[in-house]
Amino acid sequence: MEELLTFNYTIPGDDFTRAGEASSSVKNKLKKMGLDSNTIRKVSIAMYEGEINMVIHADGGTITVEISSEKIRMILADTGPGIADIDKAMENGYSTAPEEVRSLGFGAGMGLPNMKKYTDYMNIDSTVGVGTTVTMDVRL
Amino acid sequence: MITTQTLIDAGLFTLKTAGDPSKNIGKVFCCDLLSIAMGRAPSESAWVTVMGNRNTLAVASLADISCIVLAEGITFQDAELDCAEQEGIAVFTTELPVFDAALKIQELLS
């Protein structure tokens, strides 16, 4: 069985100055591994959107990145409020982000659609009051 | 296609930090909503915006944007400029509105 290269990150909640650190770290690792720039860009954008969502909505969480010869899998898990209507959340422009987040340039309701756009597979497993786990793959 | 160095040499805007001047610029992109910029900004672009916070840099870095032009007199703090330099992203400032700044870059591109 093929061995996975795994990286784990803890995302602090409600700290916008640090949002993106995990995504930047993964981007740098993928660069050093010599992956093509388009793949790195897809992973970076999808993971950053997920990371920002965790900071905005879920008081942080954890991200696991697994790299195999076939794909890069990102698993973003939080114990936040959960998503009541996933289909609605997937719509372009739909957002429940608070005003202070919007004033920073986020909360345009593009996060989940962007994540889907830049990945080859995305699954959202969410229970209201329990948390959300988003799994995304970018094929290599 | 021009490089960031071309933009520096043109002297259109105030250079705050040069980053990696060899980066290519193929397009100019204007947007202030980071969520939209993240998904839509072309790689190797010059990004004109009035959104001057640390997250602007994170988006630019992760989306492979070559340089940021802060319009309307907006500036970054020193810590953000240090971060931009480390990420190899050039930062310019200008008093011009977004459209006028973008038009000047477009004129260089064409």
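Residue numbers here run from 1 along each chain, matching the order of that chain's written sequence. For naming, the first written chain is A and the first written ligand is 1, with later ones following in the order written. Local features are withheld for residues below a pLDDT of 70 in this predicted model, meaning they are given only at 70 or higher, and side-chain atom pairs are given and counted only at 80 or more; totals for whole chains, interfaces and linings count all residues. Excluding hydrogens and water, the side-chain figures rest on all heavy atoms present in the structure.

Asks: Just to check I follow, could you spell out the sheet that holds strand β5 (residues 45-49) of chain B for this structure?
Replies: Think of a sheet as strands paired side by side through backbone hydrogen bonds, with each pair either parallel or antiparallel. Residue and element names in this part refer to chain B. If you walk across this open sheet you meet the five strands as β2-β7-β6-β5-β4, and the pairing is mixed. Each edge of the open sheet carries a strand with a single partner, namely β2 (14-17) and β4 (27-30). Neighbour-to-neighbour, the strand axes of the sheet open up by a mean angle of 25 degrees, direction not taken into account. Following DSSP output, two strands are said to pair if at least two bridges run between them. Where helices and strands are cited, they refer to DSSP runs of H or I of at least four residues and of E of at least two residues respectively, numbered from the N terminus. Where β5 meets strand β6 (residues 67-70), four bridges bridge the pair, whose relative direction is parallel. Directly across from valine 48, in β6, lies its bridge partner valine 69. The axes used here are C-alpha line fits, helices contributing only the stretch in contact, and every angle between their N-to-C directions lies in the interval 0 to 180 degrees.

Asks: Would you take a moment to explain unusual backbone geometry for this structure?
Replies: A negative phi angle is the norm for most residues apart from glycine, just as the trans form is the norm for most peptide bonds. Positive phi, close to 55 degrees, is recorded for A:Asp59, a residue that is not glycine. Along the chain, the position of A:Asp59 falls in the loop between α2 (37-57) and β2 (60-67). When a residue's accessible area, from a 1.4 Å probe over protein chains only, is under 20% of the maximum for its type it is buried; when over 50% it is exposed; and in between it is partly exposed. On the accessibility criterion, A:Asp59 (60% relative accessible area) is exposed. At B:Glu72, a residue that is not glycine, the phi angle is positive and equals roughly 60 degrees. The class of B:Glu72 is partly exposed, set by a relative accessible area of 44%.

Asks: Sorry, what's going on with helix α5 (residues 98-109) of chain B here?
Replies: Residues and elements named next belong to chain B. The span expected for a helix works out to 1.5 Å for each residue beyond the first. Look at α5: 17 Å from first C-alpha to last across 12 residues, which is about the 16 Å you get at 1.5 Å a residue. Looking at α5, one finds that the buried residues are Val98, Ala101, Ala102, Ile105 and Leu109. One side of α5 carries all its buried residues, which in axial view fall inside an arc of 95 degrees. Away from its buried face, by an angle of more than 90 degrees, α5 presents the exposed residues Phe99 and Glu107. Contacts made by the buried residues of α5 are with β1 (2-3), α1 (4-10), β3 (24-25), β4, β5 and β6. To be clear, the arc concerns the directions from the helix axis to the C-beta atoms. Residue contacts follow a heavy-atom distance rule, with two residues in contact if any of their heavy atoms lie within 4.5 Å.

Asks: When you look at the environment of B:Leu62 in this model, what are you seeing that I'm missing?
Replies: Its location among the elements puts B:Leu62 in helix α3 (residues 54-62). As for B:Leu62 and B:Pro21, which are separated by 41 residues in sequence, their C-alpha atoms are 18 Å apart. When near neighbours in sequence (up to four residues on either side) are disregarded, B:Leu62 contacts A:Ser23, A:Ser24, A:Lys27, A:Arg41, A:Ser44, A:Ile45, A:Tyr48 and B:Met38.

Asks: Teacher, can you tell me more about the packing of aromatic side chains here?
Replies: For any pair of aromatic rings, the description consists of the separation of the ring centres together with the inter-plane angle of the planes. Residues and elements named next belong to chain A. To pair, rings of Phe, Tyr and Trp, with the six-membered ring standing in for Trp, must have centres within 6.5 Å; the planes then decide the type, stacked if under 30 degrees apart, edge-to-face if over 60, and tilted in the middle. Across all of its chains, the model carries three aromatic pairs over all chains by this definition. Each ring, one from tyrosine 48 and one from phenylalanine 106, has its centre 6.5 Å from the other, and the planes form 55 degrees; the classification is tilted. In this pair, tyrosine 48 sits in helix α2 while phenylalanine 106 sits in the loop between α4 (99-102) and α5 (111-117), placing the two residues 58 residues apart along the sequence. Residue tyrosine 48 is classed as buried on the basis of its relative accessible area of 1%. A residue is classified by how much of its surface remains accessible, and phenylalanine 106, at 3% relative accessible area, is buried. The criterion is that NZ of a Lys, or CZ of an Arg, lies within 6 Å of the ring centre and within 35 degrees of the ring normal, and then a charge sits over that ring. If you follow lysine 29 out to its NZ or CZ, it ends over the ring of phenylalanine 7, 4.8 Å from the centre.

Asks: Even after reading the chapter, I still don't get the nonpolar core, so can you show me in this structure?
Replies: Side chains of a nonpolar character, in soluble globular proteins, are inclined to be buried together. Buried Ala, Val, Leu, Ile, Met, Phe, Trp, Tyr and Cys residues that are joined via side-chain atoms within 4.5 Å together make up what is termed a nonpolar core. Ranked by size, the top nonpolar core spans 60 residues in total, and within it A:Tyr9, A:Val65, A:Met74 and B:Trp47 carry the most contacts. With 10 residues, the single largest contributor to this core is α2(A). The residues contacting A:Tyr9, other than those within four sequence positions of it, are A:Ala22, A:Ser25, A:Val26, A:Lys29, A:Met47, A:Gly61, A:Thr62, A:Ile63 and A:Val65. B:Leu7, B:Ala46, B:Val48 and B:Cys67 belong to the second largest nonpolar core, which has 16 residues in total.

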